[in-house]
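# A look at the structure
The lines below spell out each chain.
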Amino acid sequence: MKQLLAVWGFVCLCALVLGTGVASGQWIEPIVAWGENSSGECNVPAPNEDFVAAAGGVAHSLALKSNGTIAAWGWNAYGQCDVPAPNADFVAVAGGSWHSLGLESDGTIVAWGDTSYGQCDVPAPNADFVAIAGGGWHSLGLESDGTIVAWGDTSDGQCDVPAPNADFVKVAGGSYHSLGLKSDGTIVAWGWNAYGQCDVPAPNADFVAVAGGVAHNLGLRSDGTIVAWGWNAYGQCDVPAPNADFVAVAGGYGHSLALRSDGTIVAWGYDYYGQCEVPAPNADFVAVAGGVYHSLGLRSYDTPVETAFYATLVPEDNAVLLRWMLPGCPGVGLRIYRSLSADGPYSCLTPNPLDPTLSSYVDGTAWPGGTFWYELRAVLDSGAEMVATDTHPSVTVPGTLAFGIRYVMPRNAGLRDPIRDAQSCHGPRDYWLRASRGVAVCPALGA
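### Let's talk about the overall build of the chain
Along the backbone of the chain there are two helices and 31 strands. Across the 447 residues that make up the chain, the buried fraction comes to 60%. Long-range pairs, those at least 24 residues apart, make up 56% of the contacts in the chain with a sequence separation of at least 6. In the structure as shown, the chain presents an accessible area of about 15500 Å², 51% of it carried by carbon and sulfur atoms.

Structure (structure tokens):
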């Protein structure tokens with residue numbers, strides 16, 4: 001029987017749970033990581049700020065900065081933490097077992113690390129991708145036309161996308177299986193199915209996000225509930241009550257994670273390394289990701305600064321997140337305006353004025369390939385308007401990006417440490433293949 005070992009990485013910035021309230025500072029977005037840290041996978045490099053997405057691998061972590069660069073840290077035996085130059089213009093990130101992936105703003109994918117099964121060899125034409133995911137020894141990319149491309153190890157059919165390969169909006173990877181979310185809210189799963197991880201429970205409908213673990217999966221429904229299925233030895237499919245108000249999901253080896261609309265993270269399942277124990281304060285999170293035995297959360301908070309207006313691309317949702325700071329709003333409401341040129345003209349997105357105590361707004365009407373400029377105006381008592389800030393932030397939308405969620409690699413309780421044992425083998429896959437067949441872990445280590 002195949003060993004329960006896998007990977008998957010990436011996380012979503014899809015959960016726009018930035019709360020409301022009077023803006024009073026500059027947003028600092030740090031990564032919080034917890035669980036096993038034997039390879040430094042929880043030691044976020046300084047400066048720990050300005051991150052917009054995160055992902056986990058077998059014993060390494062990745063995070064995307066707002067300036068388009070990727071930071072990677074942890075176990076690096078296969079160069080999975082060495083982001084290729086130029087480290088720029090990235091809009092999404094994902095992690096596999098011992099490989100990593102980044103999606104560039106021009107729709108191309110960059111992959112690095114272990115490529116023993118070709119998992120880093122992106123098929124031609126490398127273009128028009130809008131989302132990425134990492135599996136055990138395979139990789140996946142979602143094209144702008146709704147098709148999925150998969151490459152690398154396909155010994156269990158994990159790269160054979162079922163027909164019709166169309167209308168996909170999100171993609172995720174498990175150890176030896178893959179998943180895609182269709183535009184009609186259904187989930188398609190294929191590949192290794194020993195634990196029923198490819199058998200989506202009925203009714204297969206109303207899903208808005210999907211995540212894969214080593215041999216279990218999670219689906220998020222539009223009503224905020226989670227459905228989990230597949231391998232459940234550690235209770236990783238038993239969603240804690242109340243199963244409600246969730247906005248994002250992620251999978252690890254034998255644990256699961258979910259983000260609530262109030263900014264808290266819930267984690268359950270295998271917890272030997274404390275990967276389910278969210279550090280205090282469990283608050284203000286906007287994204288979540290799973291590694292093999294570690295977890296990651298993206299937190300947002302502010303510190304006092306002057307009046308400002310920010311725009312950030314949310315690639316997984318093809319949306320633009322606008323945030324502002326107005327110490328003492330001069331009006332009775334706020335309006336958001338948008339233009340296709342820095343010089344205008346600007347069109348109103350919010351004819352009904354926003355509450356002046358709000359500090360964020362999501363523009364979900366942007367489209368692929370467009371560059372958008374924004375203006376924030378205060379509505380006065382008289383009904384007249386005045387520009388509230390001197391800045392006109394802009395964002396370029398490269399494509400319809402899907403919810404990023406990913407996965408990680410596992411270790412069986414009856415085996416030695418997979419990372420250290422793999423170092424004595426001919427490679428990571430050699431170790432797992434030997435273990436899965438019940439033979440000696442490695443010739444150098446004995447039975």
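### Examining the pairing of strand 25 (residues 319–325)
Most of strand 25 sits inside the fold, with seven of its seven residues counted as buried. Examined bridge by bridge, strand 24 (residues 308–314) and strand 25 share seven bridges and lie antiparallel to one another. In the strand pairing of strand 25, T312 is matched with L321. Across four bridges, strand 25 lies against strand 28 (residues 360–363) in antiparallel orientation. Across the sheet, the residue bridging to L321 is V362, located in strand 28.

### A closer look at the pattern of salt bridges
Counted according to the given criterion, the structure contains four salt bridges. Between R335 and E385 there is a salt bridge whose closest N-O contact spans 2.5 Å. Note that R335 is positioned in strand 26 (residues 333–339) and E385 in strand 30 (residues 385–387), a separation of 50 residues in sequence. On the basis of relative accessible area, E385 is assigned to the partly exposed category, the value being 29%.

### Focus on the pairing of strand 20 (residues 265–269)
Across the five residues that make up strand 20, a large majority, four, are buried. With five bridges connecting them, strand 19 (residues 255–260) and strand 20 associate as antiparallel partners. Looking across to strand 20, one finds that L257 is bridged to A267. Taken together, strand 19 and the strand that follows it, strand 20, pair antiparallel across an intervening segment of four residues, in which G263 is found at a positive phi of about 90°.

### Quick notes on the sheet that holds strand 3 (residues 51–56)
Taken in spatial order, the three strands line up as 3-4-5 in an open sheet, and their pairing is antiparallel. Across the chains shown, the open sheet's two edge strands, defined by having one partner strand only, are strand 3 and strand 5 (70–74). The average angle at which neighbouring strand axes cross in this sheet is 20°, direction not considered. When strand 3 meets strand 4 (residues 60–65), the two strands line up antiparallel, connected through five bridges.

### Quick word on the sheet that holds strand 19
In space, the three strands of this open sheet follow the order 18-19-20, with antiparallel pairing throughout. Of all strands in the sheet, those bounded by a partner on one side alone are strand 18 (246–251) and strand 20. Here the strands of the sheet are splayed against their neighbours by 20° on average, with no regard to which way each runs.

### Describing unusual backbone geometry
Looking along the chain, the bond that leaves A85 and enters P86 is cis, with omega of -5°. Between A280 and the following residue, P281, the backbone shows a cis peptide bond with an omega angle of -5°. In this fold, P281 is placed in the loop between strand 20 and strand 21 (285–290). Positive phi, close to 65°, is recorded for D50, a residue that is not glycine. On the secondary structure map, D50 appears in the loop between strand 2 (31–35) and strand 3. Here the phi dihedral of D284 falls at roughly 65°; this positive angle occurs in a residue that is not glycine. Inspection of the secondary structure puts D284 in the loop between strand 20 and strand 21.

### Description of the confidence of the model for the chain
For the chain, the mean per-residue pLDDT works out to 82, and 80% of the residues sit at or above 70. Scored below 50 in pLDDT, residues 3–25 shows 153 contacts in the model against residues more than four places distant or in partner chains. Here residues 400–447 is modelled with pLDDT under 50, and outside its nearest four sequence neighbours on either side it reaches 187 contacts, counting other chains as well.

### Thoughts on the nonpolar core
Counting 30 residues, the largest nonpolar core has I109, V320, L322, W324, Y374 and L376 as the members making the most contacts within it. Among the elements of the structure, strand 6 (90–95), strand 7 (99–104), strand 8 (109–113), strand 9 (129–134), strand 24, strand 25, strand 26 and strand 29 (371–379) are those that each provide at least two residues to this core. For this core, the element with the highest residue contribution is strand 29, accounting for four residues.

### What to know about the environment of Y293
Within the fold, Y293 resides in the loop between strand 21 and strand 22 (294–299). A relative accessible area of 2% means that Y293 is categorised as buried. For the pair Y293 and Q275, spaced 18 residues apart in sequence, the C-alpha to C-alpha distance is 6.1 Å.

### Considerations on the environment of G369
Structurally, G369 can be placed in the loop between strand 28 and strand 29. Measuring from C-alpha to C-alpha, the distance between G369 and V397 comes to 5.5 Å, with 28 residues separating the pair along the chain. Ignoring anything within four residues of it in the chain, the contact list for G369 reads V397 and P398.

### A short note on the packing of aromatic side chains
Applying the stated criterion across every chain, the model contains 22 aromatic pairs. For the ring pair W75 and W98, a centre distance of 5.5 Å and an interplane angle of 65° mean the geometry is edge-to-face. Placement of the pair is W75 in the loop between strand 5 and strand 6 and W98 in the loop between strand 6 and strand 7, with a sequence separation of 23 residues. W98 matches W75 in its accessibility class, with the two residues each being buried. Between W367 and F372, the ring centres sit 4.8 Å apart and the planes meet at 85°, which makes this aromatic pair edge-to-face. Here the basic side chain of K182 rests over the ring of F168, its NZ or CZ set 4.3 Å away from the ring centre.

### A look at the environment of Y272
For Y272, the position within the fold is in the loop between strand 20 and strand 21. The spacing of Y272 and Y293 is 21 residues in sequence and 8.4 Å in space, taken between C-alpha atoms.

Parameters at a glance
- Residues numbered from 1 in each chain as written.
- Predicted model: local features only at pLDDT ≥ 70, side-chain atom pairs only at ≥ 80, totals over all residues.
- Heavy atoms only, no water.
- Helix = DSSP H or I, 4+ residues; strand = E, 2+ residues; numbered from the N terminus.
- Buried < 20%, exposed > 50% of the residue type's maximum accessible area, 1.4 Å probe, protein only.
- Contact = heavy atoms within 4.5 Å.
- Areas by Shrake-Rupley, 256 points an atom, 1.4 Å probe, with all protein chains shown as cover.
- Pairing = 2+ DSSP bridges.
- Salt bridge = Lys/Arg side-chain N within 4 Å of Asp/Glu carboxyl O.
- Axes fitted to C-alpha atoms, helices over the stretch in contact; angles between N-to-C directions.
- pLDDT = per-residue confidence, 0-100.
- Core = buried A, V, L, I, M, F, W, Y, C linked by side-chain atoms within 4.5 Å.
- Phe/Tyr/Trp six-rings, centres within 6.5 Å; stacked < 30°, edge-to-face > 60°.
- Lys NZ or Arg CZ within 6 Å of the ring centre and 35° of its normal.

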